[in-house]
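# Close look at the chain arrangement
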Amino acid sequence: MPHDRSVPATAAGRPQAIVFGVGAGQGIGAAVCRRFAAGGHHVLVAGRTAAKIEQVAAAIVAAGGSAEAVVTDVTDEASVIAAFDRAMRSAEGRAPADVVVFNAGNNQIIDFTRLTAAQFEDFWRVGCYAGFLVGREAARRLLPLGRGTVIFTGASGSLRGKPGFAHFAAAKAGLRMISQSMAREYGPKGLHIAHVLIDGGVDGERLRKAIPEMVDKLGSEGLLDVDSIAENYWHLYRQGRSAWTQELDLRPYREAF
């Protein structure tokens, strides 16, 4: 794996990154893992499904990078804390993590009158509550170090609700407010908090399986490429303190907005 524009190891060792919400190999989470590994980080690939995250980690190692799988349920406080305990250890020639990415989320069209309380709560727990757990723990661990980058994957649903997406929009809007509140509180203390609005369909395994006709209709130029998204996450991480981005919106050039 080429380490272009890499971050050199410090006296404390190789930098670490932890990415929460990694699923399929062709997805945003996996692409972000690959990009930070290419940049020189040891990457903790955190997700619920062991087989999927182990495959992502193995592919990174096979390409010359450094990664390990960490089974994590982002809706469980103890699980999130355990993942951070692992990420913040300065052992085996590695420095404590200096970047945290929250990429967990789910989406489904559900008619509002048929939306159950359990479904609404599930979307909120994954899309918002889990972001709070990760964001709070990131602040607790990074503040004493006086540095670090925390990136939340958001969606255009956080700006506007659409028919059939009330549950999704409510969760994403809450996540956006978490990121804004964290940025205003912890930016002056050295933490870069960023929120990335994904506006459009993502050319990944999830969409290709769920709505293949949409993929065929839009084509590659009408969808967001996961590696291009990951490159923007890397750019956010590499920004100097004098010009930090708090919110970045990404969309394919053909997307109407």
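It should be noted that the structure appears before, not after, this text.
Below is a summary of the structure that appears in this document. (Residues numbered from 1 in each chain as written. Predicted model: local features only at pLDDT ≥ 70, side-chain atom pairs only at ≥ 80, totals over all residues. Heavy atoms only, no water.)

Turning our eyes to something else, we now look at the overall build of the chain. Tallying secondary structure elements over the chain gives 8 helices and 9 strands in all. In summary, the chain has a C-alpha radius of gyration of 17 Å against a globular reference of 18 Å for 257 residues, a match within 12%. Taken along its principal axes, the extent of the C-alpha atoms in the chain is 55 × 35 × 35 Å. In the chain, buried positions account for 50% of the 257 residues. At a minimum sequence separation of 6, the contacts of the chain that also span at least 24 residues come to 74%. Of the roughly 11,900 Å² of accessible surface on the chain, 53% is carried by carbon and sulfur atoms. Across the chain, the centroid of the 29 positively charged side chains sits 3 Å from that of the 26 negatively charged ones. (Helix = DSSP H or I, 4+ residues; strand = E, 2+ residues; numbered from the N terminus. Rg over C-alpha atoms; globule rule 2.2 N^0.38 Å. Buried < 20%, exposed > 50% of the residue type's maximum accessible area, 1.4 Å probe, protein only. Contact = heavy atoms within 4.5 Å. Areas by Shrake-Rupley, 256 points an atom, 1.4 Å probe, with all protein chains shown as cover. Lys, Arg positive; Asp, Glu negative; His and termini not counted. Charge placed at Lys NZ, Arg CZ, Asp CG, Glu CD.)

Bringing the layout of surface pockets into the picture now. Estimated volume of the second largest pocket: approximately 180 Å³. Lining the second largest pocket, in full, are Asp98, Arg147, Gly148, Thr149, Gly190, His192, Tyr237, Gln239, Arg241 and Trp244. (1 Å grid on protein atoms, 1.4 Å probe; cavity = no way out; pocket = protein on both sides within 12 Å on 5 of 7 lines; lining within 4 Å. Points joined across faces, edges and corners; volume = space filled by probe spheres on them.)

Another aspect to go through is the pattern of salt bridges. Throughout the structure, instances matching the rule amount to 13 salt bridges. Here Arg160 makes a salt bridge to Asp199, at a shortest N to O gap of 3.5 Å. Of the two residues, Arg160 is situated in the loop between β5 (148–155) and α5 (166–186) and Asp199 in the loop between β6 (191–198) and β7 (202–203); the sequence distance between them amounts to 39 residues. Close ionic contact of Asp199 with Arg251 constitutes a salt bridge, the shortest N to O distance being 3.0 Å. Taken together, the positions of Asp199 in the loop between β6 and β7 and Arg251 in the segment after β9 (247–250) put the pair 52 residues apart, joining distant regions of the chain. The structure contains a network of salt bridges with shared partners spanning Glu77, Asp85, Arg136, Glu137, Arg140 and Arg141. (Salt bridge = Lys/Arg side-chain N within 4 Å of Asp/Glu carboxyl O.)

Before going further, it helps to spend a moment on helix α8 (residues 226–238). Owing to its 3.6 residues per turn, the α-helix brings residues three or four apart onto one side. For α8, which comprises 13 residues, the first-to-last C-alpha distance of 19 Å matches the rise-based estimate of 18 Å (1.5 Å per residue) to within 8%. Of the positions making up α8, those classed as buried are Val226, Ile229, Ala230, Tyr233, Trp234, Leu236 and Tyr237. For α8, the angular spread of the buried residues around the axis is 155 degrees, confining them to a single face. (Expected span 1.5 Å × (residues − 1). Arc of directions from axis to C-beta.)

Here we take up the pairing of strand β2 (residues 42–47). Of all 6 residues in β2, 6 are buried, a share of seventy percent or more. Residues His42, Leu44 and Ala46 point to one face of β2 and Val43, Val45 and Gly47 to the other, with burial holding for every one of them. Remark: the strand β1 (residues 14–20)/helix α1 (residues 28–38)/β2 crossover connection has right-handed handedness. As defined by bridge partners, β2 adjoins strand β3 (residues 66–71) across 6 bridges and the pair is classed as parallel. The partner of Val45 across the bridge, within β3, is Ala69. For the crossover from β2 across helix α2 (residues 50–62) to β3, the handedness is right-handed. (Right-handed = clockwise from strand over helix to strand, strands pointing away. Pairing = 2+ DSSP bridges.)

All right, on to the pairing of β5 then. Of all the 8 residues making up β5, 8 are buried; the element is thus mostly covered by neighbouring parts of the structure. Burial along β5 is two-sided: Gly148, Val150, Phe152 and Gly154 facing one way and Thr149, Ile151, Thr153 and Ala155 facing the other are all buried. One ladder, built from 4 bridges, connects strand β4 (residues 94–102) with β5; its direction is parallel. Each bridged residue has a counterpart across the sheet, and for Val99 the counterpart in β5 is Thr149. Regarding the hand of the β-α-β motif, the stretch spanning β5, α5 and β6 is right-handed.

Right, let's talk about the sheet that holds β5 for a bit. Taken together, 7 strands build an open sheet; the order of strands is β3-β2-β1-β4-β5-β6-β9 and the sheet is parallel. Here the strands that pair on one side only, and so sit at the sheet edges, are β3 and β9. With direction set aside, neighbouring strand axes in the sheet form an average angle of 20 degrees. By the bridge criterion, 6 bridges tie β1 to β4 in an arrangement that is parallel. (Axes fitted to C-alpha atoms, helices over the stretch in contact; angles between N-to-C directions.)

The next subject is the environment of Pro163. Its place among the elements puts Pro163 in the loop between β5 and α5. Judged by relative accessible area, which is 75%, Pro163 ranks as exposed. Separated by 52 residues in the primary sequence, Pro163 and Asp111 have C-alpha atoms spaced 7.5 Å apart.

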